[in-house]
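Understanding the architecture of this molecule
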Amino acid sequence: MDIKNNNNYHDQENIHNIQKMRAVLDTLPHFCRQFFRGITEYTSARTRLAYAYDIRTFFEYLHDKNPYCSKMEITDFPMSILDKLTRDDIEEYLEYLSYYEKDGKIYTNDERGKKRKLAALRSFYQYFFQAELIEKNPAVLVPLPKLHEKEIIRLDADEVAILLDQVEEGTNLSKSQQRCHQVTKTRDVAMLTLLLGTGIRVSECVGLDIEDVDFKNNGIKIRRKGGYEAVIYFGEEVEEALLNYLKERNHIIPLTGHEHALFLSMQNRRISVRAVENMVKKYSSTVTSLKKITPHKLRSTYGTSLYRETGDIYLVADVLGHKDVNTTKKHYAALEDERRRSAADKVRLREKRK
């Protein structure tokens, strides 16, 4: 299939990830292919690609640091090598991940990076262990690094207004940025308003097609992580911003293969996730009072506002697309505590005596 003529963003991304996956597999031991075939039914191509990168890092470490493994090419490693490794080998690998050099570049991993790579290695070992193809599973003996929760950065109501004003006016942009701003202002306002007004992920935003917007019901059809579709509803501010943009969008001739894309780049192709990230960074950097923000922080801002208005953590989880409400509770724990504290004075047992 010619992916250039496939208008579905998510299908294109899936194909690109599969192609990248095949290239990574060519650099791994042959038995790894069995693992990735085995997890295909319950993982996305994107997840498998991330696993492949992490597992390749592990085998590269063994090739560079393990005397036995250094004698052969990575692609020639036999499955029996997994039984030769111990818990100490896995722990030394995690320590190595803190700081290492490769091809002249320096790489570092905090506890989150280490946890992700160990989780990939655990799944890898577990697959072969359960299939009774190896006798030991040292990866399961190594505890996952404990994460230190980071403060969730979100914008206050006045900061949201300041950001949107800057996107509309562009007064603090450089001269070259202002020239681009004249062309992209309406699109940028629509995208920022949509992200702040619905809490959708940036990948869900760039994946929108024109046909996914339903102004009769004020809803957008998005593809969630995991591949399922959902309809998210928007208010009047988002409706107005989208309608203003579509007046311009209807006069743009997109490149072949991008005819259905809602948001287009200046090259008239579907805008990319990186381009949206750079756009948010550009506007937020011109407002000195704003926190350092990303599209994900716009999502957190929406989630916070929705929870404060409704007090319904299950609604917030559903709208944000969290599969587990505990994920939502973890992110908004401080707000939950704030609400619990407010309950202290809500119930009066007896009238005050005069």
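Anything mentioned here points back to the structure above.
Residues numbered from 1 in each chain as written. Predicted model: local features only at pLDDT ≥ 70, side-chain atom pairs only at ≥ 80, totals over all residues. Heavy atoms only, no water.

A short note on the packing of aromatic side chains
As a reminder of what qualifies: Pairing of aromatic rings covers Phe, Tyr and the six-membered ring of Trp, with a centre-to-centre limit of 6.5 Å; geometry is then stacked below 30 degrees between planes, edge-to-face above 60, and tilted otherwise. Burial classification: accessible surface area is computed with a 1.4 Å probe over protein chains only, and a residue below 20% of its type maximum counts as buried, one above 50% as exposed, and the rest as partly exposed. Only DSSP runs of H or I with at least four residues qualify as helices, and only runs of E with at least two residues qualify as strands; both kinds are numbered from the N terminus onward. Working rule: Lys NZ or Arg CZ, within 6 Å of ring centre, within 35 degrees of ring normal, means a charge sits over the ring.
Counted by the stated rule, this structure contains 19 aromatic pairs. Each ring, one from Y96 and one from Y100, has its centre 4.7 Å from the other, and the planes form 20°; the classification is stacked. For the residue pair Y96 and Y100, the accessibility class agrees, reading buried in each case. Centroid distance Y245 to F263: 5.2 Å. Interplanar angle 25°. Geometry classified as stacked. Taken together, the positions of Y245 in helix α10 (residues 236–249) and F263 in the loop between α10 and α11 (273–285) put the pair 18 residues apart, joining distant regions of the chain. By the burial criterion, Y245 is buried, and F263 matches it. For K84, the ring lying beneath its charged end belongs to Y68, and the centroid distance is 5.3 Å. Note that K282 overlies the ring of Y283, its terminal NZ or CZ placed 4.7 Å from the centroid.

A word on the sheet that holds strand β4 (residues 219–223)
Keep this limit in mind: Two strands are counted as paired when DSSP detects at least two bridges linking them.
Strand order in the open sheet formed by 3 strands is β3-β4-β5, with antiparallel pairing between adjacent strands. Taken across any chain shown, the strands that pair with only one partner, and hence form the sheet edges, are β3 (213–214) and β5 (229–233). Across 2 bridges, the pairing between β3 and β4 is antiparallel. Paired with V213 across the two strands is I220, which belongs to β4.

Quick notes on the layout of surface pockets
Heads up, the condition is: Put simply, the grid is 1 Å and covers the protein atoms alone, a cavity is a trapped set of points that fit a 1.4 Å probe, a pocket is an open set with protein on both sides within 12 Å along at least five of seven lines, and lining residues have an atom within 4 Å of a point. Grid points are joined across faces, edges and corners, and a volume is the space filled by probe spheres set on the points. Nonpolar residues are Ala, Val, Leu, Ile, Met, Phe, Trp, Tyr, Cys and Pro. Charged residues are Asp, Glu, Lys and Arg, and all others, Gly as well, are polar.
In this structure, the second largest pocket encloses a volume near 550 Å³. When residues of the lining of the second largest pocket are traced back to their parent elements, those giving at least two are α7 (157–169), α8 (175–198) and α10. Tallied by class, residues from the lining of the second largest pocket come to 8 nonpolar, 5 polar and 6 charged.

Quick look at the pattern of salt bridges
Rules: By convention in these notes, a salt bridge is any Lys or Arg side-chain nitrogen within 4 Å of a carboxyl oxygen on Asp or Glu.
Under the definition given, this model contains 10 salt bridges. For R33, the salt bridge is made with D26, and the minimal N-O distance between the two is 2.9 Å. Across the pair R116 and D54 runs a salt bridge, and its minimum N-O distance is 3.0 Å. Taken as a pair, R116 in helix α6 (residues 111–130) and D54 in helix α3 (residues 45–65) lie far apart in primary sequence, 62 residues in all. What makes R116 partly exposed here is its relative accessible area of 45%. Accessibility expressed as a relative area gives 5% for D54, which makes it buried. One network of salt bridges, in which partners are shared, links D54, R116 and K117.

Some remarks on the environment of R22
Among the secondary structure elements, R22 is positioned in helix α1 (residues 9–25). The class of R22 is exposed, set by a relative accessible area of 57%. Residues R22 and R33 lie 11 residues apart in sequence; the distance between their C-alpha atoms is 9.4 Å.

Here we look at the pairing of β5
Side chains A230 and I232 project from β5 onto a buried face, and the interleaved E229, V231 and Y233 project onto a face without burial. The antiparallel hairpin formed by β4 and β5 contains 5 residues in its connecting segment, where G226 sits at a positive phi of about 100°.

Some details on the nonpolar core
One broad rule of soluble globular proteins: the nonpolar side chains tend to lie buried together. Short version of the rule: Residue types Ala, Val, Leu, Ile, Met, Phe, Trp, Tyr and Cys, when buried and joined through side-chain atoms within 4.5 Å, form a set referred to as a nonpolar core. Residues count as neighbours in contact if any of their non-hydrogen atoms are within 4.5 Å of one another.
By size, the foremost hydrophobic cluster in this structure holds 50 residues, and its most contacted members are L163, I200, I220, F263, V276 and L298. No other element matches α8, which puts 7 residues into this core. In this structure, I200 is in contact with L194, L195, C205, L208, I220, I222, I232 and R299, ignoring residues within four places of it in sequence. Counting 38 residues, the second-largest nonpolar core is a separate cluster that includes F31, C32, F77 and A139.

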